[in-house]
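As a plain string of letters, each chain reads:
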Amino acid sequence: MNTLVKSPGSANSNVSGVDNPDMTTNKMNLLQAVNSALDTAMKANPRVVCLGKILANSVASSEPPVTSKKNTVHCAALIPLLRNRA
Amino acid sequence: MAVAEIQFADYIFPAFDQIVNEAAKFRYRSGDQFDCGGLTIRAPYGGGIDGGLYHSQSPEAYFCHTPGLKVVMPSNPYQAKGLLLAAIRDPDPVIFFEPKAIYRASTGEVPEQDYELPLGVAEIVQKGTDITLVGWGAQMIQLNKAAELVAKEGVSCEVIDLCTLLPWDRETVADSVRRTGRLVISHEAPLTGGFAGEIAATIQEQCFLSLEAPIARVTGLDTPFPLAHEKLYLADYLKIVEAIKTTVGY
């Protein structure tokens, strides 16, 4: 993991992913970047669990759906779990 | 480490008690023996999609009133990945508001690798000398457009993206206002009780003798988010341009 400080091109940028030769970059939209963060977090730590409706699936067409990952739980999938607990 | 998505932010309020009274106080209440294990709550927020009153609100100020929480609002893909990774790994609960209006419209180069952006640190998007503009999330598009327009008339704007509202980067904003002497803050949420009021109060305390004009707030209206008049309600770049001209000409 690297700690970067500012967005590429910002006025107070002193380290950026684009300028850092150790980093390879891809053009992403904001939603794809959110998905990329979730993927990265889950790969780095199996204790990271994502829950929710995951809007990302329907709009970030070039990315594999986040819910296909092992440690994600769609909200609908939680309902039987909660019923069992009750 | 749970990353929960609540869609949209307008529907976060049934969980308000659990977030504000339980999650936010867990560390304090246990004498720092326990934390929430890295709870991050993602919620798409904001207008610009003709979503009407239940799919357009910006509820950040409710959560900024709660010590124990962190409130993060990215404005571009690079910030979204870096700040979300930092939020997930933060031991305290973080509310991560995502500007849904620019989910696809905002694009940029993003590292494939693992990286974090520090929470609580603002970004100076553009250096300037005449006036400081402060905003966050999707509102940064309006602020940047306004800065571009007034630049043609010779007004130099310093544009600051707060990125994190709780805790917010007071030093960066205060340093800027001490140099420019003027401040305009803009957000989509209604004026009364909005987070711009907190920033204005802090900056007048810290920079009173540097201010050349009253601090201006350009915000949503004090009404429910409208069904049919979204463009009138939102604080667009034209309203910000007017506020800049009034403040600079004071």
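Reading guide: rules and limits
Residues numbered from 1 in each chain as written. Chains lettered and ligands numbered in written order. Predicted model: local features only at pLDDT ≥ 70, side-chain atom pairs only at ≥ 80, totals over all residues. Helix = DSSP H or I, 4+ residues; strand = E, 2+ residues; numbered from the N terminus. Rg over C-alpha atoms; globule rule 2.2 N^0.38 Å. Buried ≥ 20, exposed ≤ 12 C-beta atoms within 10 Å, placed from the backbone. Contact = placed C-beta atoms within 7 Å. Core = buried A, V, L, I, M, F, W, Y, C linked by C-beta atoms within 7 Å. Domains from an automatic or database assignment. Pairing = 2+ DSSP bridges. Axes fitted to C-alpha atoms, helices over the stretch in contact; angles between N-to-C directions. Nonpolar A, V, L, I, M, F, W, Y, C, P; charged D, E, K, R; others polar.

Within chain B one finds 9 helices and 12 strands. Against the globule reference of 18 Å for 250 residues, chain B gives a C-alpha radius of gyration of 18 Å, in line with a compact fold. In terms of overall dimensions, chain B has a C-alpha envelope of 55 × 40 × 40 Å along the principal axes. Among the 250 residues that make up chain B, the fraction classed as buried is 54%.

Before going further, it helps to examine the environment of Arg170 of chain B. Residue and element names in this part refer to chain B. With respect to the helices and strands, the residue Arg170 is situated in helix H6 (residues 170-180). Under the C-beta neighbour-count criterion, Arg170 is labelled partly exposed, with 15 such atoms within 10 Å. On a C-alpha basis, the gap between Arg170 and Ile199 in space is 8.1 Å, while along the polypeptide they are 29 residues apart.

On to the environment of Val71 of chain B, then. All names here are of chain B. Along the chain, Val71 turns up in strand S3 (residues 70-72). The class for Val71 is buried, based on 27 C-beta atoms found within 10 Å. Placed 37 residues apart in sequence, Val71 and Phe34 show a C-alpha to C-alpha distance of 20 Å. Residue contacts for Val71: discarding those within four places in its chain leaves Glu60, Phe63, Cys64, Ile95, Thr164, Leu165 and Leu166.

To continue, consider the nonpolar core. The nonpolar side chains of a soluble globular protein tend to be buried, and buried together. Residue and element names in this part refer to chain B. Counting residues in hydrophobic clusters, the biggest one holds 95 residues, and the most contacted among them are Val184, Ile240 and Ile244. Composition of this core by domain shows at least three residues from each of domain 1 (3-102) and domain 2 (123-248). Not counting residues up to four positions away in its chain, the partners in contact with Ile244 are Ile131, Ala146, Val150, Val155, Cys157 and Val184.

Residues and elements named next belong to chain B. With mixed pairing, the 5 strands of this open sheet are ordered in space as S7-S9-S8-S11-S12. The strands lining the two open edges of the sheet, one partner per strand, are strand S7 (123-126) and strand S12 (216-220). Going from strand to strand, the sheet's axes swing by 25° on average, the running direction of each strand aside. Of the pairings in the sheet, the one linking strand S8 (residues 131-135) to strand S9 (residues 157-161) comprises 5 bridges and is parallel in character. Within S9, the position partnered with Thr132 by the bridge is Glu158. Against the sheet, H6 engages S7, S8, S9 and strand S11 (183-190), with an angle of about 155° to S8.

Bringing the interface of chain A and chain B into the picture now. Listed by partner, the interface residues are 41 residues for chain A and 40 residues for chain B. Secondary structure elements with two or more residues in the side of chain A that touches chain B: strand S1 (2-3), strand S2 (25-29), helix H1 (30-44) and strand S3 (49-52) of chain A. For the side of chain A that touches chain B, the element with the most residues is H1 of chain A, which contributes 11 residues. Alignment of S2 of chain A against strand S5 (residues 107-111) of chain B, held across 5 bridges, turns out to be antiparallel. Residue pairing in the sheet places Lys27 of chain A in a bridge with Glu109 of chain B of S5 of chain B.

It is worth spelling out unusual backbone geometry at this point. Residues and elements named next belong to chain B. With omega at -10°, the peptide bond leading from Gln7 into Phe8 counts as cis. Position of Phe8 relative to the elements: it lies in the loop between strand S1 (2-5) and helix H1 (16-23). A cis amide bond links Leu166 to the next residue, Pro167, at an omega of 0°. The residue Pro167 is located in the loop between strand S10 (164-166) and H6 in this model. The residue Asp50 is not glycine, and still its phi comes out positive at about 55°. If you trace the backbone, Asp50 turns up in the loop between strand S2 (40-45) and helix H3 (60-64). Even without glycine at this site, Cys163 takes up a positive phi of about 65°. Relative to the helices and strands, Cys163 is located in the loop between S9 and S10.

By a widely used convention, the size of an interface equals the accessible area lost when the partners come together. Residues and elements named next belong to chain B. Here the domain parsing of chain B yields domain 1 (3-102) and domain 2 (123-248). Between domain 1 and domain 2, the contact holds 25 residues from the first and 21 residues from the second. Only H3, S3, helix H4 (77-89) and strand S4 (94-99) provide two or more residues apiece to the side of domain 1 that touches domain 2. Here the side of domain 1 that touches domain 2 is composed, by residue class, of 13 nonpolar, 9 polar and 3 charged.

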